[in-house]
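Residues per chain, in single letters:
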Amino acid sequence: MAWTHYQLTLAILMVVTGSFNTLSVKFADQQYVPGRDGIPRYFNHPFMQSSFMFFGEMLCFLVFKIIYCYYSRRDDCPLTKGSRVFNPLILFIPAMCDMLATSVMKLVAREWTGIGFVIIGLAIVGISDIIIMEDEDASINSVLTGDLLIICAQVITAVQMVIEEKFVAGQDIPALQAVGWEGIFGFIGICLVMIPFNFMHAPPPFADNSRGTLEDTVDAFVQIGNSPKLLMAVIGISFSIAFFNFAGISVTKEISATTRMILDSIRTIVIWAFSLAFGWQSFHYLQLIGFAILLIGMCCYNNVVIPQLIRKCYYHLTKRHSPDQERFINIAADDIVDTTDR
């Protein structure tokens with residue numbers, strides 16, 4: 001069925017704010033700022049960045065309460081519409097999945113053609129990463145380890161999407177309230193994890209701060225205080241993740257978790273394009289080929305554009321259709337936002 005204007009707005013909001021969030025994280029990582037020992041270092045604090053993200057999600061709970069109080073006598077506000085009688089602990093598991101996937105950064109295949117294209121595309125992108133790292137005299141083992149961590153993070157994210165679709169959509173929980181509860185659980189969890197990490201020593205690149213520990217909370221705040229650019233990046237991380245997760249959960253409720261993951265893949269292409277534009281990574285032709293195949297796979301899986309065009313070309317080549325069939329095929333090919341209801 002065709003998307004409504006509200007669903008299309010949510011999809012655009014998810015892609016834009018998700019891309020902005022990742023680019024803000026990459027911008028923060030690029031900042032070379034003195035820490036608590038006065039020695040300039042890159043901002044290498046992944047767990048602190050996760051805490052900033054969960055803090056942004058916590059703000060959604062506050063916004064939900066304010067809007068709910070303001071519209072307490074009305075039931076037509078889409079931001080508060082839904083059931084508010086549920087056990088918040090059902091959001092603990094997706095919050096923990098979010099924490100794990102964010103710190104280390106199910107889809108059951110039914111259309112194998114689309115899935116195949118996606119896998120081939122990801123494989124080509126991974127091979128291009130290895131070639132680039134070889135050109136830069138880097139360790140292939142570190143590249144493969146990074147790719148495996150990304151795959152693990154994606155699996156954890158997929159589990160999170162499925163659980164959110166089951167409970168948030170199944171029990172009709174308001175998206176803002178769901179994001180807020182996940183932020184609360186995630187913020188508490190990441191803060192508890194960072195306590196021992198502040199005392200656990202590790203070699204680079206796992207630890208690159210003044211104390212040589214997995215995380216140094218004081219060093220992170222000192223670096224933020226020494227750089228207005230880094231402060232703006234942290235603020236961008238907190239607010240963009242709030243909008244991104246709100247749009248993501250809303251897409252899960254309005255459409256499906258599958259569509260949410262498809263849009264998240266589109267976000268990856270946007271981030272790659274901006275990273276090339278700002279010179280944060282070098283270009284390799286295999287990356288372009290991989291992303292092109294990845295995009296084709298997403299279109300095939302979601303029954304958008306390409307299947308309609310293939311059917312239209314097939315009927316034109318065989319010429320076995322009547323004028324009524326021709327008119328029907330043209331309408332189907334132009335309806336590029338029509339997707340299968342999953």
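Remember, it's a predicted structure, so these values are computed and weren't measured experimentally.

A. Looking closely at the UniProt feature "transmembrane region" (unreviewed entry) in the chain. The UniProt feature table records "transmembrane region" (unreviewed entry) at residues 46–68, 88–108, 115–133, 139–163, 175–197, 230–249 and 286–310. Counting secondary structure, residues 46–68 comes out at 100% helix and 0% strand; the distance between its end C-alpha atoms is 34 Å. Annotation note: span residues 175–197, helix share 100%, strand share 0%, distance between end C-alpha atoms 32 Å.

B. Molecular detail of the packing of aromatic side chains. One pass over the structure, following the stated rule, counts 9 aromatic pairs. Both rings, one in Phe52 and one in Phe221, keep their centres 6.3 Å apart while their planes meet at 75 degrees; by these two values the pair is edge-to-face. An aromatic cluster of at least three residues, connected via ring pairs, comprises Phe61, Phe92, Trp181 and Phe185. Over the ring of Phe199 we find Arg211; its NZ or CZ atom is 5.8 Å from the centre of that ring.

C. Broad picture of unusual backbone geometry. One non-glycine residue, Asp172, lies in positive phi territory at about 55 degrees. Relative to the helices and strands, Asp172 is located in the loop between α5 (140–169) and α6 (175–197). On the basis of relative accessible area, Asp172 is assigned to the partly exposed category, the value being 37%.

D. Quick look at the pattern of salt bridges. Counting across every chain of the model gives 5 salt bridges. We note a salt bridge from Asp216 to Arg36, for which the minimum N-O separation is 3.0 Å. For Arg41, the salt bridge goes to Asp37, with nearest N and O atoms at 2.9 Å. Residue classification places Asp37 among the partly exposed positions, given a relative accessible area of 34%. Ionic contacts of the salt-bridge type, sharing partners, join the residues Asp37, Arg41 and Asp208 into one network.

E. A look at the side chain of Gln7. Along the chain, the position of Gln7 falls in helix α1 (residues 5–30). Assessed through its relative accessible area of 6%, Gln7 is described here as buried. In this structure the side chain of Gln7 is engaged in a polar contact, spanning 3.1 Å, whose partner is the backbone nitrogen of Thr4.

F. Summary view of the nonpolar core. Of all hydrophobic cores here, the largest spans 50 residues; its most connected members are Phe43 and Leu91. Of all elements in the fold, only α1, α2 (46–70), α3 (92–104), α6, α7 (217–225) and α8 (228–254) reach the threshold of two or more residues within this core. With 11 residues, α8 is the largest single contributor of residues to this core. The contacts of Phe43, once residues within four sequence positions are left out, are Ala28, Asp29, Gln31, Gln49, Phe52, Ala220, Gln223, Ile224 and Leu230.

Conventions we followed
Residues numbered from 1 in each chain as written. Predicted model: local features only at pLDDT ≥ 70, side-chain atom pairs only at ≥ 80, totals over all residues. Heavy atoms only, no water. UniProt positions renumbered as here; feature names shortened; annotations may be inferred. Helix = DSSP H or I, 4+ residues; strand = E, 2+ residues; numbered from the N terminus. Phe/Tyr/Trp six-rings, centres within 6.5 Å; stacked < 30°, edge-to-face > 60°. Lys NZ or Arg CZ within 6 Å of the ring centre and 35° of its normal. Buried < 20%, exposed > 50% of the residue type's maximum accessible area, 1.4 Å probe, protein only. Salt bridge = Lys/Arg side-chain N within 4 Å of Asp/Glu carboxyl O. Polar contact = N/O pair within 3.5 Å; in protein donor to acceptor, adjacent residues only side chain to side chain. Core = buried A, V, L, I, M, F, W, Y, C linked by side-chain atoms within 4.5 Å. Contact = heavy atoms within 4.5 Å.

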